[in-house]
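If you want the building blocks of each chain, they are given just below.
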Amino acid sequence: MWGGRFSKTLDDQFAQLNASFRFDWRLYDADIRGSIAYARALARAQVIRDAERDALIDGLVQVKQEFYNGTFTAQPSDEDIHTAVERRLGELVGSVAGKLHTGRSRNDQIATDTRLFTLDAIRNTQHAILNAQHALIEKSEQHLDVLMPGYTHLQRAQPILFAHWLMSYFWMFERDYARLTDCITRVSVLPLGSGALAGNALAIDREFLARELGFARVGENSIDAVSDRDFIAEFLFDAALLGVHLSRLGEDLVLYSSAEFGFVTMDDAYATGSSIMPQKKNPDAMELARGKAGRVIGDLVTLLTVLKGLPSSYDKDLQEDKEPLFDAVDTLGALLPVVAGVIRTMRVNADKMRAALDAAMLATDLADYLVRRGVPFREAHRLVGAAVKTAEARGVALADLSLDEYQKIAPEFGADVKTIFDFARSVASHEIGGGTGPNAVRAQIAQARAVMNRREQKAKKG
Ligand code: ARG
């Protein structure tokens with residue numbers, strides 16, 4: 001490829017280190033799409049004849065087919081996907097293959113390939129997010145009347161609807177989806193036509209190339225274009241944060257499926273047994289949801305560390321961008337459908353959730369009761385705290401203090417104080433936008449469905 005200037009072949013071990021075909025063969029589709037567009041642009045610029053263009057395109061289509069069928073045979077000399085495709089093209093179409101690389105560098109080529117790959121990856125990840133969101137909505141709708149303890153600091157805090165808890169993850173995924181859409185703006189920029197770093201000297205029509213390849217616009221600076229990997233860093237951040245959300249859902253469900261909680265039961269299809277303890281049923285799927293976040297965060301940190309302090313334009317360090325990108329895409333691609341499956345199939349144990357509600361969780365409601373009778377909230381908080389203390393000292397539940405005892409604590413307490421000790425009433429008193437009241441949660445689900453519809457319409461339009 002550069003033999004002219006060299007008098008020796010590469011050291012074997014260095015060649016191994018230097019080569020990227022082992023992983024970047026996955027860019028074959030993007031690489032060949034880019035080359036077909038480039039062949040067309042060369043013909044339009046009259047650098048090659050139309051017949052040469054057609055021969056190149058026929059050959060490239062054949063190479064792509066070989067990759068697709070799994071019949072492509074790599075040679076030890078195939079350093080990366082670009083050289084592999086060009087070598088095979090030469091075998092298929094002869095010397096005209098040597099014209100394809102005119103004015104192009106692997107620097108603008110790899111940047112183009114990686115952007116095309118990332119655009120596909122974003123679409124696939126978004127599709128998988130939508131599927132998980134559907135699972136959350138469906139499960140919420142199936143269990144709209146189920147109450148559970150809501151936690152802060154992992155301590156019982158206030159009663160909530162199970163659907164409200166579940167939907168909290170919908171909105172995390174909603175932001176993940178939106179972030180990926182926003183990321184597209186900066187991925188969909190064409191580097192091709194930037195050459196090695198100085199631009200293309202053959203009057204290639206870059207706008208044409210952008211249209212052919214589906215890029216929204218053309219990169220403004222050829223130096224930046226061959227070295228910019230911000231779009232991968234952004235994608236990896238979005239992936240890492242999605243991973244963090246999945247890990248939090250994982251932790252909630254690992255806890256909730258333990259015997260101590262028993263709120264949900266994993267379907268057998270998504271749990272594993274133990275090789276030694278016959279009674280065990282382990283929530284491995286959600287443990288992996290929790291654990292895989294670690295590697296995706298690692299992928300982001302890997303790339304940022306590679307980019308830090310690089311001199312401008314292309315450096316071979318940039319070859320280290322691909323494995324973390326692929327790893328994050330593969331990890332999320334494997335994880336999201338499983339998480340959706342877990343949600344769809346898990347059994348919801350409403351009785352266990354209800355049994356975990358205790359009257360102390362209505363202390364805030366009790367304070368609100370006093371507030372409605374004119375007691376300032378701070379004072380009400382203190383008075384209810386005293387009631388909790390009295391109940392604890394007597395070893396009874398907050399609901400089991402007598403009216404007498406309540407009135408001794410605050411004369412504002414009336415006979416209707418007992419109506420406070422009703423978990424469904426408490427939940428129903430939170431009928432505010434974003435609250436856990438049943439109507440508010442129904443409205444929230446309707447809103448979620450509207451968001452999904454809009455997205456699916458948009459995705460259909462392309
Ligand atoms: N395999 C290389 C990469 O992934 C392609 C670009 C190589 N460019 C070069 N001048 N050696 O970055």
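Treat the numbers as computed from the prediction; the structure is a model and nothing was measured.

Asks: Would you mind going over the side chain of Q133 with me for this structure?
Replies: With respect to the helices and strands, Q133 occurs in helix 6 (residues 106-142). In terms of polar contacts, Q133 uses its side chain to reach the backbone carbonyl oxygen of F170, at 3.3 Å. If we skip the residues at most four places from it in the chain, Q133 touches F170, F173, E174, M452 and R455.

Asks: Mind showing me how you'd approach the site of the ligand here?
Replies: Lining the immediate surroundings of the ligand are S20, D24, D80, H82, R106, N107, I110, Y314, Q319 and K322. In this structure, Q319 approaches the ligand through a side-chain N or O atom, which is 2.7 Å from a nitrogen atom. In the model, an oxygen atom of the ligand is placed 2.5 Å from a nitrogen or oxygen of the K322 side chain. Calculation on the ligand without its partners gives an accessible area of 350 Å², and the protein chains cover 87% of this total.

Asks: Would you mind going over unusual backbone geometry with me for this structure?
Replies: The phi torsion of most residues other than glycine is negative, and most of the peptide bonds are trans. Notably, H153 is not glycine yet its phi reads approximately 55°, a positive angle. With respect to the helices, strands and loops of the structure, H153 is situated in the loop between strand 1 (147-152) and strand 2 (155-161). Not every positive phi belongs to a glycine, and S313 is a case in point at roughly 70°. Inspection of the secondary structure puts S313 in the loop between helix 11 (284-307) and helix 12 (322-345). The exposure class of S313 is buried, given its relative accessible area of 11%.

Asks: Sorry, what's going on with empty space enclosed by the protein here?
Replies: Summary: where empty space remains is shown by rolling a probe the size of a single water molecule over the atoms. One pass over the structure, following the stated rule, counts one cavity of 30 Å³ or more. Looking at the largest cavity, its volume works out to about 40 Å³. Lining the largest cavity are D31, S35, H82, V85, E86, L100, H101, R104 and Q109. If you list the elements that add at least two residues to the lining of the largest cavity, you get helix 3 (28-44) and helix 5 (81-93). No other element matches helix 5, which puts three residues into the lining of the largest cavity. Its residues assigned to classes, the lining of the largest cavity shows two nonpolar, four polar and three charged.

Asks: Mind showing me how you'd approach the nonpolar core here?
Replies: Considering soluble globular proteins, one finds that nonpolar side chains tend to be buried as a cluster. Counting residues in each nonpolar core, the largest one holds 138 residues, and the members touching the most others are W165, F235 and L253. Excluding residues that lie within four positions of it along the chain, F235 makes contacts with T118, A121, I122, T125, L180, C183, L325 and V329.

Asks: Teacher, can you tell me more about the pattern of salt bridges here?
Replies: It is possible for side chains bearing opposite charge to pair when their charged atoms get close. Across all of its chains, the model carries 37 salt bridges by this definition. R44 is paired through a salt bridge with D205; the nearest N and O atoms lie 3.3 Å apart. With a gap of 161 residues between them, R44 in helix 3 and D205 in the loop between strand 3 (189-190) and helix 8 (206-213) connect regions that are remote in the sequence. Take R44: its relative accessible area is 49%, and that puts it in the partly exposed class. Across the pair R449 and E141 runs a salt bridge whose closest N-O atoms are separated by 2.8 Å. Taken as a pair, R449 in helix 18 (residues 438-461) and E141 in helix 6 lie far apart in primary sequence, 308 residues in all. Judged by relative accessible area, R449 falls into the partly exposed class, the value being 32%. Connected through shared salt-bridge partners, D29, R33, K64, D120 and R123 make up one network.

Asks: How should I be thinking about a nonpolar patch on the surface in this particular structure?
Replies: Together, L10, F14 and L17 make up an exposed nonpolar region whose accessible area comes to about 300 Å². Positionally, F14 belongs in helix 1 (residues 12-18).

Asks: Please explain the packing of helix 14 (residues 363-372) against helix 15 (residues 377-394) as it appears in this structure.
Replies: Each pair of packed helices can be summarised by the angle the axes make with each other and by the distance between the axes. Where helix 14 meets helix 15, the closest approach of the two axes is 9 Å, and the angle between their N-to-C directions is 130°. Regarding the angle of helix 14 to helix 15, the classification is oblique. In the crossing of helix 14 with helix 15, the sense of the turn from one axis to the other is right-handed. The segment helix 14 lies against helix 15, with A363, L366, A367, D368, L370 and V371 engaging F377, A380, H381, L383, V384 and V388. Residues belonging to the contact of helix 14 with helix 15 are distributed by class as follows: ten nonpolar, one polar and one charged.

Asks: Whenever I open this one, the pairing of strand 1 confuses me. Can you help?
Replies: When a strand is regular, its side chains alternate between the sheet's two faces. Note that strand 1 and strand 2 share six bridges and pair antiparallel. Opposite G150, over in strand 2, you have Q158 as the bridge partner. Between strand 1 and strand 2, which pair antiparallel one after the other, the connecting turn spans two residues, and H153 there sits at a positive phi close to 55°.

Asks: Hey, could you run me through the packing of aromatic side chains in this one?
Replies: Here the distance between the centres and the angle between the planes together describe a pair of aromatic rings. Tallied over the full model, the rule gives 17 aromatic pairs. For the ring pair Y369 and F413, a centre distance of 5.8 Å and an interplane angle of 15° mean the geometry is stacked. Pair noted here: Y369 is in helix 14 and F413 is in the loop between helix 16 (403-409) and helix 17 (423-428), with a separation of 44 residues, a long-range link. You'll find Y369 and F413 in the same group, each marked buried. When the ring centre of F231 is taken as origin, the NZ or CZ atom of R115, which lies over that ring, is 4.1 Å away. Above the ring of Y369, the side-chain terminus of R373 is found at 3.7 Å from the ring centroid.

Asks: I'm lost on the environment of V96 in this one. Help?
Replies: Positionally, V96 belongs in the loop between helix 5 and helix 6. Along the backbone, V96 and I432 are 336 residues apart, and their C-alpha atoms lie at a distance of 70 Å. With residues up to four places along the chain from it excluded, the contact list for V96 reads E52, A55 and L56.

Asks: Please explain the environment of A340 as it appears in this structure.
Replies: Inspection of the secondary structure puts A340 in helix 12. Spatially, the C-alpha atom of A340 lies 7.8 Å from that of L136, the residues being 204 residues apart in sequence. Aside from chain neighbours lying at most four places away, what touches A340 is N131, A132 and A135.

Asks: What is the right way to look at the packing of helix 3 against helix 8 in this model?
Replies: Here helix 3 crosses helix 8 at 145°, and the two axes come no closer than 10 Å. The handedness of the crossing between helix 3 and helix 8 is right-handed. When helix 3 is examined against helix 8, the residues R33, G34, A37, Y38, R40, A41 and R44 are found in contact with a partner set consisting of F208, L209, E212 and L213. Along the lines of polarity and charge, the residues of the contact of helix 3 with helix 8 split into six nonpolar, one polar and four charged.

Here is what the cut-offs are and how they apply
- Residues numbered from 1 in each chain as written.
- Predicted model: local features only at pLDDT ≥ 70, side-chain atom pairs only at ≥ 80, totals over all residues.
- Heavy atoms only, no water.
- Helix = DSSP H or I, 4+ residues; strand = E, 2+ residues; numbered from the N terminus.
- Polar contact = N/O pair within 3.5 Å; in protein donor to acceptor, adjacent residues only side chain to side chain.
- Contact = heavy atoms within 4.5 Å.
- Near = heavy atom within 4 Å.
- Areas by Shrake-Rupley, 256 points an atom, 1.4 Å probe, with all protein chains shown as cover.
- Buried < 20%, exposed > 50% of the residue type's maximum accessible area, 1.4 Å probe, protein only.
- 1 Å grid on protein atoms, 1.4 Å probe; cavity = no way out; pocket = protein on both sides within 12 Å on 5 of 7 lines; lining within 4 Å.
- Points joined across faces, edges and corners; volume = space filled by probe spheres on them.
- Nonpolar A, V, L, I, M, F, W, Y, C, P; charged D, E, K, R; others polar.
- Core = buried A, V, L, I, M, F, W, Y, C linked by side-chain atoms within 4.5 Å.
- Salt bridge = Lys/Arg side-chain N within 4 Å of Asp/Glu carboxyl O.
- Patch = residues over 30% accessible without salt bridge, like charges linked within 9 Å, V, L, I, M, F, W, Y side chains within 5 Å.
- Axes fitted to C-alpha atoms, helices over the stretch in contact; angles between N-to-C directions.
- Parallel < 35°, antiparallel > 145°, perpendicular 65-115°, else oblique.
- Left-handed = near helix turned anticlockwise from the far one by under 90°.
- Pairing = 2+ DSSP bridges.
- Phe/Tyr/Trp six-rings, centres within 6.5 Å; stacked < 30°, edge-to-face > 60°.
- Lys NZ or Arg CZ within 6 Å of the ring centre and 35° of its normal.

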